[in-house]
Amino acid sequence: MKNLIKYISIVFITGALLNSCETTDLDLRVSPNDLASDQADPNLLLTSVQLAYGTNMQVMSDQSAELTRIDYMFGRDYFNNYPGSDLNGVWGRTYSSNGNGVGDPVSIGILTNLQNLEALNEDPDTDLGFHIGVTKTLYAHQLILLVDWIGSAAFSQAGNPGEFPAPELDSGQEVYAAALNLLDEAEALFAANPTTIGAVDLFYNEDISKWEKLINTIRLKAYYTTGNNAAFQAIIADDNFISEPEDDFFLQYGTSELQPDNRHPDYAADYT
C-alpha cells in the first residue's frame, strides 16, 4: 500500500513539473528565419522584378549583338557558342528564381513575384495596381522575347510547381496571345491611376503615361511579328507609343563599384 501511494505521488509530481514547463514547438518545416510571402514588402518585390528584367535584357542584348557581329562572338560555330543551357538564367529569372548579377544567386523571378504581389493585393485596404501593372508589362515582354528566341515558352502551367513541377511549353501563338492579354490587364490597372505607395520605378520614375506608351510599343512589336497590320496601324493612328527620346525605355546603371557594384556588367568586366 505504501509503495502504491509512493508511485501515485511520483506521477502527480512529475505531471505538475511537466505542466509548469514551457513547451517548445519542434515542427520547423517552415523556417522561422524566413519571411512568408504575405510578409514581404511589395516595393522590394517590384525592385526585384525590375532587376530580374534588366539582367535578362542585358543577357539577351549581348547575345543579339554577338549574333549580328556588333560584339565579338568568341568563336565561329553558332551551335558550340549557344548550347541549350544558354538561356537557363533568363528562364529562371522570368519564372522562378535566379541571380540578378554577381553576388546575387537567389533572387526571386518575375512570375513568382507577380503571384506574391497579387496575393498581397487581395487585402481590401491595399492597392498594388501600379506594382502589378509594371510587373505584368515586364512579364509580357519577357514571354514574347522567349518565343522569339526559342519558338515557345511556358505559360498555362507555369508558376504552379505543386501541380506542374515540369510545366509543358505552350505554342508561340498561345504565348503571344497570353502576353497581349497581360498587356491589356496592365493597361487597365494603369488607367485606374493607382498610387505608387513608395515604389521605386527604375525605368520611368512612376510616370504612368510612359508605361502606357511602352505597352503600346510592345504591342507594335507583337503585331508586326504576327502580321496583324490592322492592329498595328490602329496604334500608329492613336500616336500613343514611344516616339520621342524622353520616352525611351532603358535601365540607368550607376557608378558605384562596391557595396553594391551597380555599374553596367560589361563596363565592370571590361575596365577592371
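You'll find the structure just up there.
Residues numbered from 1 in each chain as written. Predicted model: local features only at pLDDT ≥ 70, side-chain atom pairs only at ≥ 80, totals over all residues. Heavy atoms only, no water.

1. Notes on the pattern of salt bridges
Our working definition: By salt bridge we mean one thing: a side-chain nitrogen of Lys or Arg within 4 Å of a carboxyl oxygen of Asp or Glu. The helix and strand labels rest on DSSP assignments: H or I over at least four residues marks a helix, E over at least two residues marks a strand, and numbering proceeds from the N terminus. Each residue is placed in one exposure class: buried if its accessible area under a 1.4 Å probe, protein chains only, is under 20% of its type's maximum, exposed if it is over 50%, and partly exposed if it falls in between.
On inspection of all chains with the given rule, the structure shows 6 salt bridges. The partner of Lys136 in a salt bridge is Glu185, and the shortest N-O contact between them spans 2.6 Å. Of this pair, Lys136 sits in helix H6 (residues 129-150) while Glu185 sits in helix H7 (residues 172-191), placing them 49 residues apart in sequence. A salt bridge links Glu187 to Arg219, with the nearest nitrogen and oxygen atoms 3.0 Å apart. Of this pair, Glu187 sits in helix H7 while Arg219 sits in helix H8 (residues 208-226); the two residues are 32 residues apart in sequence, bridging distant segments of the chain. Look at Arg219 and you get buried, because its relative accessible area is 7%.

2. Things to note about the environment of Met60
Note the threshold: Contact between two residues is taken to exist if any of their heavy atoms lie within 4.5 Å; hydrogens are not considered.
Summarising the element assignment, Met60 is placed in helix H2 (residues 42-67). Taking the relative accessible area as the measure of exposure, Met60 reaches 2% and is therefore buried. Here the alpha-carbon distance between Met60 and Leu145, two residues 85 residues apart in the chain, equals 8.9 Å. What Met60 contacts, discounting residues up to four positions off in sequence, is Val90, Leu145 and Trp149.

3. Considering a negative patch on the surface
Rules: Each patch is built from salt-bridge-free residues with over 30% relative accessible area, joining like charges within 9 Å and nonpolar side chains (Val, Leu, Ile, Met, Phe, Trp, Tyr) within 5 Å. Methods summary: accessible areas were calculated by the Shrake-Rupley approach with a probe of 1.4 Å, and residue burial reflects only the protein chains presented. Charge counting treats Lys and Arg as positive and Asp and Glu as negative, with His and both chain ends excluded. For this purpose, a charge sits on NZ of Lys, CZ of Arg, CG of Asp or CD of Glu.
On the surface, Asp238, Asp239, Glu244, Glu246 and Asp248 cluster together to form a negatively charged patch. By the element assignment, Asp238 lies in helix H9 (residues 229-238). Judged by its relative accessible area of 55%, Asp238 is exposed.

4. What to know about the packing of helix H5 (residues 110-120) against H6
To keep things clear, this is the line we draw: Here an angle of 0 to 180 degrees is reported between the N-to-C directions of two axes, which are lines fitted to C-alpha atoms, with helices fitted over the stretch in contact. Small angles under 35 degrees read as roughly parallel and large ones over 145 as roughly antiparallel, with 65 to 115 read as roughly perpendicular and the rest as oblique. Left-handed describes a crossing whose near helix is turned anticlockwise from the far helix through less than a right angle; right-handed describes the clockwise counterpart. When residues are grouped by polarity, Ala, Val, Leu, Ile, Met, Phe, Trp, Tyr, Cys and Pro land in nonpolar, Asp, Glu, Lys and Arg in charged, and all others, Gly among them, in polar.
With their axes 10 Å apart at the nearest point, H5 and H6 run at an angle of 155° to one another. As summarised for this structure, H5 and H6 are arranged roughly antiparallel, according to the angle between their axes. Read as a crossing pair, H5 and H6 show a hand that is left-handed. Along the contact surface, H5 presents Ile110, Leu111, Leu114, Leu117 and Glu118, while H6 presents His131, Ile132, Thr135, Lys136, Tyr139 and Gln142. Among the residues making up the contact of H5 with H6, the classes are represented as 6 nonpolar, 3 polar and 2 charged.

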